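Observations on chain architecture
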Amino acid sequence: MEFDLKTIEALAPDQASLSAASKLTKRSNWPRLEKNEQQALIWGECQGSGSNPYRVVVDTGDHGYKCTCPSRKFPCKHTLALMWIAATAPASFAAAESTPEWVNDWLGRRRRTTPPPAQSTPGAAAKSIDEATRTDESAAVEDLAAVERREAAQRKRAEDTRQAVSAALDELDQWIADQLRLGLSGFVAASSDRCRRIAARLVDMKATALAGRIDEIPSRLMALRSEERPDAAIRELGKLVLLAKAWRSAPDDPELKRLISTSETREQVLANPDARQVESFWEVLGEKIESRRDGLVSHSTWLLDLKSTTPQFAVLLDYFPASAGRRSNAFAPGDRFDARLVFYPSRKPLRALVAERMGEVMSGAWPDFTFDAAKDPLATHASHQDAAPWTTDCPLMLPAGAVLVDDRGTGWWQAADDPQGIALPIAGAVNQTLLGLDLTATAALWDGARLDLLAAQSGFGRLDLS
């Protein structure tokens with residue numbers, strides 16, 4: 001790996017990129033760093049603000065590079081940071097005998113170039129590695145008085161936020177009472193405008209996360225049959241009432257704060273000693289990408305713990321502006337990897353971060369989850385509702401069954417050999433090739449009304465249903 005800091009300085013588009021890159025050179029930002037010296041390649045995964053890390057690869061021979069981040073600066077700060085680590089801490093890279101598929105894809109599409117001359121670019125005089133390092137170091141040195149002033153300001157902002165959120169929930173209670181007084185039929189018909197107005201008010205009053213959830217109620221209702229919508233509206237509004245009551249009794253509860261106002265940062269979750277950590281083999285069950293009314297795109301990647309004897313799940317959740325276009329995901333359905341996940345503190349922990357990724361895992365069948373024939377397939381959902389009744393989507397591992405379609409075109413998952421004869425409706429259109437297949441196990445999300453299929457095991461192997 002042939003890098004020196006002067007080369008990185010020359011490649012950087014500006015001083016701001018160098019300063020930003022210097023902050024990303026900590027090993028904790030990179031769950032994965034690997035190299036292949038025969039191919040003169042280094043690559044890594046850098047954890048950004050979202051749950052999915054950015055993938056970065058650099059050709060150390062001609063300084064070609066690729067990063068999946070949406071930055072319009074080239075090279076971006078992640079690429080510069082990867083080069084920086086290679087120049088100052090080359091031992092951080094684990095030797096890899098082969099290259100990952102995403103690196104191979106890039107190699108197949110790129111056109112190699114001759115090494116660029118080490119010359120200064122316009123504005124290079126204003127760029128300095130030393131300046132970026134000094135800026136980083138000086139930021140760490142603060143006098144005690146400044147620290148106290150900053151902490152006092154933080155306490156003041158926290159108290160202001162708490163009072164604003166409390167007022168927002170009072171307004172929400174009044175809004176829900178108004179909807180019930182005016183009638184649920186009218187609410188369902190006008191839910192788009194009504195939810196939009198109260199969501200805007202909640203954003204103004206710092207209940208941002210709750211506003212986003214209310215903004216999505218109309219789309220959840222419209223996905224159901226018309227005769228089902230009033231009952232679904234009651235459930236949605238009831239969950240909001242319970243969530244508001246829970247926050248009033250414990251406003252500092254991290255899960256409730258996350259659902260009402262703002263979430264913790266990645267650094268806060270990783271530093272939390274109470275956060276649950278699980279090191280295991282994980283399979284990517286599927287992903288859900290949804291455009292929201294607030295202009296964001298939510299990207300959920302659902303994982304299955306392959307070492308657990310009972311079905312255990314995790315979800316990596318990411319948000320980004322719709323205007324940024326679709327991002328490349330770090331994972332694809334069916335991928336398997338060895339990693340340590342850290343879960344956001346919660347009554348039923350599901351949302352997680354990839355804290356450390358150790359490598360890939362061979363594909364294969366799911367563990368043999370021995371299903372109790374007498375057990376309700378929705379028992380997991382009931383358990384989640386008991387602990388956190390405001391929960392929306394609950395992951396389930398369903399026992400043997402099949403997918404059928406009724407005379408109205410609605411798809412159903414039907415349990416096999418179930419004395420209760422349970423059948424659950426499926427959200428959206430059903431792939432006709434699934435009909436009648438014997439599914440030995442099916443992973444899905446259940447929102448209380450519809451199943452959202454993720455993946456299944458059958459006699460033909462693993463099926464991607466997301």
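Placed above this text is the structure.
What comes next is a walk through the structure. These numbers come from a predicted model, not from an experiment.

1. Notes on the sheet that holds strand S2 (residues 41-46)
Backbone-to-backbone hydrogen bonds pair the strands of a sheet. The strands run either parallel or antiparallel. Taken in spatial order, the five strands line up as S4-S3-S2-S1-S5 in an open sheet, and their pairing is mixed. Edge strands, defined here as strands with exactly one partner in the open sheet, are strand S4 (65-67) and strand S5 (94-95). Two strands pair when backbone bridges link them, and strand S3 (residues 54-59) and S4 are joined in this way by three bridges, in the antiparallel orientation. Opposite Val58, over in S4, you have Tyr65 as the bridge partner. The strands that helix H3 (residues 77-88) touches are strand S1 (32-36), S2, S3 and S4; relative to S3, the one it contacts most, it runs at about 55°. Across the face of the sheet, helix H4 (residues 101-109) comes into contact with S1, S2, S3 and S4 while running at roughly 125° to S2.

2. Section: the sheet that holds strand S10 (residues 352-360)
What the five strands build is an open sheet, ordered S8-S7-S6-S9-S10; its pairing is antiparallel. Edge positions in the open sheet fall to strand S8 (313-321) and S10, since each of these has one partner strand only. Between one strand and the next, the sheet's axes are offset by a mean angle of 40°, whatever the strand orientation. As paired strands, strand S6 (residues 277-291) and strand S9 (residues 336-343) are joined by seven bridges and run antiparallel to one another. Considered in S9, the bridge of Ser280 is made with Ala339.

3. Description of the state of the cysteines
Overall, the coordinates contain zero disulfides when judged by the stated rule. Cys67 carries a free sulfur, and the closest cysteine sulfur to it, the one in Cys76, is 3.6 Å from it. On the basis of relative accessibility, which here comes to 12%, the residue Cys67 falls in the buried class.

4. Examining unusual backbone geometry
As a rule of thumb, non-glycine residues mostly have phi less than zero, and peptide bonds are mostly trans rather than cis. Following Phe74, the chain continues into Pro75 via a peptide bond in cis, with omega recorded as -10°. A positive phi angle, close to 65°, is found at His63, a residue other than glycine. Positive phi, normally seen in glycine, also occurs at Lys206, with a value near 70°. Note that Lys206 resides in the loop between helix H8 (191-204) and helix H9 (208-215).

Conventions adopted
Residues numbered from 1 in each chain as written. Predicted model: local features only at pLDDT ≥ 70, side-chain atom pairs only at ≥ 80, totals over all residues. Heavy atoms only, no water. Pairing = 2+ DSSP bridges. Helix = DSSP H or I, 4+ residues; strand = E, 2+ residues; numbered from the N terminus. Contact = heavy atoms within 4.5 Å. Axes fitted to C-alpha atoms, helices over the stretch in contact; angles between N-to-C directions. Disulfide = S-S within 2.5 Å. Buried < 20%, exposed > 50% of the residue type's maximum accessible area, 1.4 Å probe, protein only.

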